[in-house]
Amino acid sequence: MGSRTEILAKIKTNKPNLIETPIIEPQVFDEGLNLIEEFTKKVEAVGGQVVPITYEMDIHTEIKTLFPDTALNFSTLEKAISFNTLSLDNIEKPQELEDLDVLVLESPLGVAENGAVWVNDTSFPIRVLPFITKHLVLVLGKNDIVPYMHQAYDTLNDFNFGVFISGPSKTADIEQSLVIGAHGALSLTILLKND
Amino acid sequence: MSHPKLASLFNQNEARVDWHDKALWFVRHKRDLATHQVKGWEALRDLGHHIKAHTLSNLDNYLIEFEKNALENGIQVHWAANGDEHNKIVHQILEENQAKKIVKSKSMLTEECHLNPFLEAKAIEVIDTDLGERIVQLAKEPPSHIVLPAIHKNRHEVDALFQEHLNTQPCDGDPQYLTHEARKHLREKFIKADAAITGVNFAIAETGGFVVCTNEGNADMGAHIAPVHIACMGIEKLIPKQEHLGVFLRLLARSATGQPITTYSSHFKRPAKGHKMHIVIVDNGRSEQLGRPDFRASLHCIRCGACMNTCPIYRRSGGHSYDATIPGPIGSILSPGKDLTKHSSLPFASTLCGSCSDVCPVKIDIHSQLYKWRQIITQNTKQPFIKKKSMVFMGKLFTKPTQFARIGKIARWSLRYLPKSIINARPNIWGKSRDLPNGPKQSFDEWYKERTKK
């Protein structure tokens with residue numbers, strides 16, 4: 001703990017006079033985006049896919065047609081009993097989720113400018129789930145898309161862990177060639193709900 | 001070794017220099033495309049700059065606020081004055097948790113503190129999990145770029161490395177196959193890890209949480225599986241409020257790789273049930289840099305690497321030629337503050353063209369700071385004899401217009417009529433691997449006078 005006092009004292013001596021906090025005015029950036037169009041374009045640009053669904057459709061049946069041959073599926077949505085082939089009750093360590101094929105989560109927020117979708121751990125009980133799964137499906141309401149990150153942060157309040165996800169995991173560390181599927185999910189599908 | 005010496009080693013392979021130059025320019029171009037799409041990009045950069053300037057002007061209080069909130073969130077907070085103390089703290093946490101196998105995601109701070117060799121000497125396995133970092137770790141090299149650690153390696157070299165260390169099949173450098181093999185190899189490491197170490201992109205005073213950005217998902221795979229998560233941050237990673245993330249996350253990835261945002265922007269606030277979370281706050285020379293008015297803005301840096309991708313010197317000399325944790329223009333204004341003698345050649349590794357300052361997402365006046373370091377270095381470190389003498393000579397010459405005109409005339413004549421063997425003789429380093437232009441008949445002065453007469 002000794003260094004704490006020393007560091008803080010040094011900063012106090014060396015810092016400049018107080019400079020005011022700038023005010024963020026999000027209207028400066030506003031370009032009147034068509035939110036759904038822009039969001040879809042950006043998700044596709046980062047390697048994900050957007051599938052529109054309507055109220056009458058059964059979400060899990062739709063996902064089954066997208067991923068017909070997967071063994072281990074888990075959804076945190078309602079009416080998932082016939083879809084789920086994995087029970088989290090038996091999971092003692094995050095490692096045991098290694099073979100998970102499809103994970104379905106509900107998201108409260110998407111961002112048009114970058115195709116990012118927010119999920120936080122109130123909707124998934126084990127944090128590694130959206131990363132360790134092979135395929136990630138996020139269900140988002142059409143009206144839950146905001147234009148920019150500025151508006152996104154206005155809505156985020158309490159969470160223990162949360163993440164913006166934009167596309168499947170990727171890397172370009174070998175000679176700048178883009179490869180989809182690094183350590184996280186190999187694919188990302190966003191079901192856009194018409195509500 | 002000085003930057004010019006190391007750069008000349010890199011330049012022995014001209015084809016590689018061309019390839020390296022193009023690879024980085026490609027990233028710079030992607031950055032341009034991404035930033036030109038953002039309405040109000042300049043206003044966004046201004047915000048980034050001013051939020052950082054404000055934070056630094058109240059940094060002690062924000063650190064106290066951050067610590068208080070982090071503790072309330074159940075995160076344990078540690079303070080390290082220097083790299084050695086940082087390493088000891090990390091080691092102690094690992095020891096307390098009997099952690100022997102560590103996975104680490106990208107953190108330039110732990111590179112700066114030389115954490116890996118410190119832990120390895122204590123029989124702890126540290127695996128870098130970012131693909132680029134794993135590649136350079138296997139090659140026993142430091143990263144040559146802060147965002148693209150293995151940008152200096154071509155696919156065939158990676159192929160050979162993986163065959164040797166991961167028992168992969170020869171694949172003619174197929175990135176898809178090699179990445180997939182790395183995924184398998186590192187998946188095993190994630191599953192078996194006792195603790196995870198990550199860096200911190202942004203720490204938020206008001207919430208006591210922090211954000212880590214990756215494309216590969218390696219920080220999350222490590223931090224959520226292992227029971228212990230240690231996040232290491234420099235004091236300058238702090239921002240006051242969560243709303244400020246809106247500015248920085250818009251700036252960061254666009255400037256770094258031309259992506260609109262990284263794949264994962266993970267917001268850690270409280271440890272998961274049964275897991276432990278530690279934060280190590282590190283100074284290591286930063287508070288000193290804060291006390292240098294001319295250079296304190298270098299602490300605004302969000303580590304996007306845009307200044308490297310655009311720098312004509314970096315692209316043609318390679319990251320290793322800087323022999324510093326952070327290479328490129330930003331590294332050249334950070335490193336002399338740590339060791340003026342060791343890094344005295346770095347501020348001269350620039351044409352002062354200013355492109356670094358133009359692309360910097362938080363508007364650091366990098367090229368002006370490079371110029372200012374040059375003044376300090378020239379006064380404080382020994383300069384080469386020829387450079388010293390020629391500077392004195394030029395200084396005198398510039399004060400005598402008639403003499404200057406006469407010597408100019410001789411120089412122009414010489415360039416026109418003397419043979420190349422004399423023009424490009426050894427003392428003329430400008431004649432190394434390039435031809436000097438043909439001497440013009442008129443000097444600028446003569447041309448200008450004639451023009452104004454008309």
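Residues numbered from 1 in each chain as written. Chains lettered and ligands numbered in written order. Predicted model: local features only at pLDDT ≥ 70, side-chain atom pairs only at ≥ 80, totals over all residues. Heavy atoms only, no water.

Residue-level account of the overall build of chain A, with values.
Secondary structure assignment for chain A yields five helices and eleven strands. Expressed as lengths along the three principal axes of its C-alpha atoms, the size of chain A is roughly 65 × 45 × 40 Å. Residue burial in chain A is summarised as follows: out of 195 residues, 56% are buried. When contacts within chain A are restricted to residue pairs at least 6 apart in sequence, those whose partners lie at least 24 apart make up 72%. For chain A, the accessible surface area stands at approximately 8,800 Å², while carbon and sulfur atoms represent 50% of it. Side chains of chain A give 14 positive and 28 negative charges; the mean places of these two sets differ by 8 Å. (Helix = DSSP H or I, 4+ residues; strand = E, 2+ residues; numbered from the N terminus. Buried < 20%, exposed > 50% of the residue type's maximum accessible area, 1.4 Å probe, protein only. Contact = heavy atoms within 4.5 Å. Areas by Shrake-Rupley, 256 points an atom, 1.4 Å probe, with all protein chains shown as cover. Lys, Arg positive; Asp, Glu negative; His and termini not counted. Charge placed at Lys NZ, Arg CZ, Asp CG, Glu CD.)

Give me unusual backbone geometry: which residues, what numbers.
All names here are of chain B. Even without a glycine there, the phi angle at asparagine 167 is positive, about 55°. Tracing the backbone shows asparagine 167 in the loop between helix 9 (155-166) and helix 10 (175-192). Exposure remark for asparagine 167: the relative accessible area of 64% places this residue in the exposed category. Positive phi is not limited to glycine here, since arginine 303 has a value of about 60°. Locating arginine 303 in the fold gives a position in the loop between helix 13 (286-290) and helix 14 (306-310).

Go over the sheet that holds strand 5 (residues 202-204) of chain B with me, naming the residues and quoting the values.
Pairing is mixed across the open sheet formed by eight strands, whose spatial order is 7(A)-4(A)-5(A)-8(A)-9(B)-6(B)-5(B)-8(B). The open sheet terminates on both sides in strands that have one partner only, identified here as strand 7 (145-146) of chain A together with strand 8 (238-239) of chain B. Bridging between strand 4 (residues 109-111) of chain A and strand 5 (residues 116-120) of chain A involves three bridges; their strand directions are antiparallel. When the bridges of strand 5 of chain A are listed, glycine 110 of chain A appears paired with valine 117 of chain A. Together, strand 8 (161-165) of chain A together with strand 6 (209-214) and strand 9 (264-268) of chain B form the strand contacts of helix 11 (residues 218-225) of chain B, whose direction differs from that of strand 9 of chain B by roughly 30°. (Pairing = 2+ DSSP bridges. Axes fitted to C-alpha atoms, helices over the stretch in contact; angles between N-to-C directions.)

Outline the nonpolar core, listing residues and values.
Taken as a class, soluble globular proteins show a tendency for nonpolar side chains to be buried jointly. The biggest cluster of nonpolar side chains holds 73 residues, and the ones touching the most others in it are Phe39 and Leu97 of chain A together with Leu63, Phe210 and Ile281 of chain B. Counting residues per element, this core draws most heavily on helix 4 (residues 59-72) of chain B, at five residues. Discounting residues that sit within four places of it in the chain, leucine 97 of chain A has contacts with Leu86, Leu88, Ile91, Ile126, Val128, Leu129 and Ile132 of chain A. With 66 residues, the next largest nonpolar core counts Val38, Met108, Val147 and Met308 of chain B among its residues. (Core = buried A, V, L, I, M, F, W, Y, C linked by side-chain atoms within 4.5 Å.)

Quick rundown of the packing of aromatic side chains? Include the residues and the values.
Applying the stated criterion across every chain yields a total of 14 aromatic pairs over all chains. Ring centres of phenylalanine 202 of chain B and phenylalanine 248 of chain B lie 5.4 Å apart, and the angle between their planes is 25°; this geometry places the pair in the stacked category. With phenylalanine 202 of chain B in strand 5 and phenylalanine 248 of chain B in helix 12 (residues 243-256), this residue pair connects regions lying 46 residues apart in the sequence. Neither phenylalanine 202 of chain B nor phenylalanine 248 of chain B differs from the other in exposure class; each is buried. Relative to tyrosine 417 of chain B, the ring of tryptophan 413 of chain B has its centre 5.2 Å away and its plane inclined at 45°; by these criteria the two rings are tilted. Placement of the pair is tryptophan 413 of chain B and tyrosine 417 of chain B together in helix 20 (residues 401-417), with a separation of four residues, close to one helical turn. Its relative accessible area of 43% is what places tryptophan 413 of chain B among the partly exposed residues. In this structure tyrosine 417 of chain B comes out as exposed when scored by relative accessible area, which is 52%. Among the aromatic residues, ring-to-ring pairing joins Phe131 and Phe161 of chain A together with Phe210, Tyr264 and Phe268 of chain B into one connected group. (Phe/Tyr/Trp six-rings, centres within 6.5 Å; stacked < 30°, edge-to-face > 60°.)

Mind laying out the sheet that holds strand 2 (residues 73-75) of chain A, listing which residues take part and the relevant values?
Residue and element names in this part refer to chain A. Within the open sheet, the five strands sit side by side as 1-11-6-3-2. Their pairing is parallel. Strand pairing shows two members of the sheet lacking a second neighbour, strand 1 (49-53) and strand 2, which therefore form its edges. Pairs of neighbouring strands in the sheet enclose a mean axial angle of 20°, with direction left out of account. As paired strands, strand 2 and strand 3 (residues 102-107) are joined by three bridges and run parallel to one another. When the sheet's bridge partners are listed, serine 75 is paired in strand 3 with valine 104.

Which residues make up the interface of chain A and chain B, and what values do they have?
Accessible area lost upon the coming together of the parts is a frequently used measure of interface size. Every contact between the two is made by 70 residues of chain A and, on the other side, 92 residues of chain B. Taking both sides of the interface into account, the surface hidden between chain A and chain B amounts to around 7,000 Å²; carbon and sulfur atoms contribute 60%. Counting every contact that joins chain A to chain B gives seven salt bridges. The shortest N-O distance in the salt bridge between lysine 269 of chain B and aspartate 158 of chain A comes to 3.8 Å. Taken together, chain A and chain B are joined by 35 residue pairs in polar contact (both at pLDDT 80 or more). Elements with a contribution of two residues or more to the side of chain A that touches chain B: helix 1 (2-14), strand 5, helix 4 (129-132), helix 5 (149-155), strand 8, strand 9 (170-171) and strand 10 (179-180) of chain A. (Buried area = accessible area lost by both parts, 1.4 Å probe. Salt bridge = Lys/Arg side-chain N within 4 Å of Asp/Glu carboxyl O. Polar contact = N/O pair within 3.5 Å; in protein donor to acceptor, adjacent residues only side chain to side chain.)

I'd like a rundown of the pattern of salt bridges, residues and numbers included.
All names here are of chain B. Applying the stated criterion to the full structure yields 37 salt bridges over all chains. A salt bridge links arginine 31 to aspartate 32, with the shortest nitrogen-to-oxygen separation between them at 2.7 Å. Accessibility assignment for this pair places arginine 31 and aspartate 32 in one class, buried. Where salt bridges share partners, they join Glu112, Glu236, Arg286, Arg303 and Lys338 into one cluster.

Before we move on, could you go through the pairing of strand 9 of chain B and cite the residues and values that matter?
The buried fraction of strand 9 of chain B amounts to five of the five residues, a majority that puts the element mostly inside the structure. Of the two faces of strand 9 of chain B, the one carrying Tyr264, Ser266 and Phe268 of chain B and the one carrying Ser265 and His267 of chain B are both buried. In terms of strand pairing, strand 8 of chain A meets strand 9 of chain B through five bridges, oriented antiparallel. Its bridge partner lying in strand 9 of chain B, glycine 162 of chain A is registered against histidine 267 of chain B. As defined by bridge partners, strand 6 of chain B adjoins strand 9 of chain B across five bridges and the pair is classed as antiparallel. Counterpart to threonine 214 of chain B in the pairing with strand 9 of chain B is tyrosine 264 of chain B.

Go over the domain arrangement of chain B, please, and point to the residues and values.
Structurally, chain B comprises domain 1 (1-31 + 293-382), domain 2 (38-284) and domain 3 (392-453). Between domain 1 of chain B and domain 3 of chain B, the C-alpha centre-to-centre distance is 30 Å. (Domains from an automatic or database assignment.)

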